[in-house]
Structures are given as structure tokens and as C-alpha cells.
Amino acid sequence: MLEVRDIKKSFGTQQVLKGVGLTVEKGDVVAILGPSGSGKTTLLRCINFLEKADEGTMIFDGETFPLDRMTKKDIARLRRKTAFVFQNYNLFRNKTALQNVTEGLIVARRMSRDKANEIGRQALDKVGLSDRYDYYPSQLSGGQQQRVAIARALATDPEIIYFDEPTSALDPELTGEVLTVMRKLAAEGRTMLVVTHEIRFARDVSTKVVFMEDGRVLEAGSSDVFFANPKEERTRSFLRTLEQERAQS
């Protein structure tokens, strides 16, 4: 479904991505792990064109695109096949949960309001917010706001959903409710690419893991093999640190 090759990205003199590649098949849940500053979020933003890569190639549904020479038309066409869930929800503060979900359907996809509302309610129902249609973000917990953001992503019926640290702004209790929704989506066969620090989610739900360090992919493979027998000592050290942090939390 999706393959990216040799992505490079610099901010000024700092090279953040140094030739990164990965592959996502239909139905995969790919977890991207790595320490802060390893380039995980920048990679995700380049893949969804929130940042422009300096070099690299994307293959999506059999079509090949040069990431440094993307046209606005191609970006718009590819974005219609994907959805992005941000760390901090990115909801409209002056719109209800339902309006946040339907806004893109009505404005960008020119869907009728009635049809958009029907799809929006179904999406909110799926993430456990059937009693929160008319609540504004200020009336919702962080976990509920993130679930609205996931509902907004689902409403467009994307081929793949990108998640950028979807629980990083949440306390442990609210983290659990968001991860429960993501587990359900994985069980349904949703294709997801997830930047995360949630080791249990990565181990239990992901089908593949990509471990990044200093702007490169240090190790990648199936989740079973990655967690049972990581090849690199740096990977083993990172996983030990995550486990210790989780045990202390």
C-alpha cells in the first residue's frame, strides 16, 4: 500500500532524516519507536506533506511520487486517501464534537450536511462518544478530545491513518481509553502508522515495528521478532528503559 524510500530532511544545518525508508501493507499496524529527537514525527509529517522532504520517494497504491517535487494536485489526491491524528487533537474550539467531525466532509468533500451528520454520528459512536455529539472541546476531557480527533479521521474512510504520539498529552487513565479505541481499529483491520512511546501497545497491537535513532532506521521487522529478539544492542537498551519507565509509572 505505502512505501517510502530514502527520505531526507534538514532544518537549516541540522539533518533530521538521513535516508529513512519503510513499508506498510494493507492491514498493517506499524509502530515507529525511538528516543526524542530521532526524527519520528518529522518522518510522519513528511509522509503526509505537512513538511516538505528534501529528497525521497513515495509509492502509494502502485503510483510513484518524488517527495521533493510534489504537485499540489497530487498532495490533495493522496491526502484524500489518508487521515492524520495529531498529538494535541487540533479541534476547532468553537465547534461541537459532531461539527468537528463533519466540517471536513462538508467543506472539503462537499457532502450534504445531512449525510455528513449521519457519518459523523456513526464515527463518534464507534469511538464511544454517542452521548457527546453536542459537547464543545472545553467540555471534554483530553481523552475524549482525542477520540473526537480519531472519529474525524475515520469519517473520511481513509486507506491509512497516521497517528503522531496520540497519547503523549494524556495522563495514564485517559491514555487507556484512547488506546482501547486504537486496538479496536486494529482488530477491524485498519491500516495504521503510529509514532508512539507506548511499549505495550506496540508489543500487543502492532504487526511491524520501526526503531529510529539519530535520523535513521536502526532496526525494523515484525513485532514478534523485534520484541523477542532485537538485533541491536541500542534497541535492547531502549526497550529496557521503556520497560523501567512503565514499571515506575
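Heads up: these notes are all about the structure in this document.

1. Overview of the packing of helix H4 (residues 113-126) against helix H5 (residues 142-155)
Here is step 1: Here H4 crosses H5 at 130°, and the two axes come no closer than 8 Å. The angle between the axes of H4 and H5 places the two elements in the oblique class. Considering the relative orientation of H4 and H5, their crossing is right-handed. For the pair H4 and H5, contact is made by Ile119, Ala123, Leu124 and Lys126 and by Val148, Ala151, Leu154 and Ala155, respectively.
Here is step 2: Grouping the constituent residues of the contact of H4 with H5 by class yields 7 nonpolar, no polar and 1 charged.

2. Describing the pairing of strand S8 (residues 192-195)
Here is step 1: Here S8 shows a buried face lined by Met192 and Val194 and a second buried face lined by Leu193 and Val195.
Here is step 2: For strand S3 (residues 29-33) and S8, the ladder comprises 4 bridges, and the chain directions are parallel. Each bridged residue has a counterpart across the sheet, and for Ile32 the counterpart in S8 is Val195.
Here is step 3: Relative to S8, strand S7 (residues 160-164) is paired through 4 bridges, and the arrangement is parallel. Within S8, the residue paired with Tyr162 across the bridge is Leu193.
Here is step 4: Of the crossover connections in this fold, the one passing from S7 over helix H6 (residues 172-187) to the parallel S8 is right-handed.

Rules used throughout
Residues numbered from 1 in each chain as written. Predicted model: local features only at pLDDT ≥ 70, side-chain atom pairs only at ≥ 80, totals over all residues. Heavy atoms only, no water. Axes fitted to C-alpha atoms, helices over the stretch in contact; angles between N-to-C directions. Helix = DSSP H or I, 4+ residues; strand = E, 2+ residues; numbered from the N terminus. Parallel < 35°, antiparallel > 145°, perpendicular 65-115°, else oblique. Left-handed = near helix turned anticlockwise from the far one by under 90°. Contact = heavy atoms within 4.5 Å. Nonpolar A, V, L, I, M, F, W, Y, C, P; charged D, E, K, R; others polar. Buried < 20%, exposed > 50% of the residue type's maximum accessible area, 1.4 Å probe, protein only. Pairing = 2+ DSSP bridges. Right-handed = clockwise from strand over helix to strand, strands pointing away.

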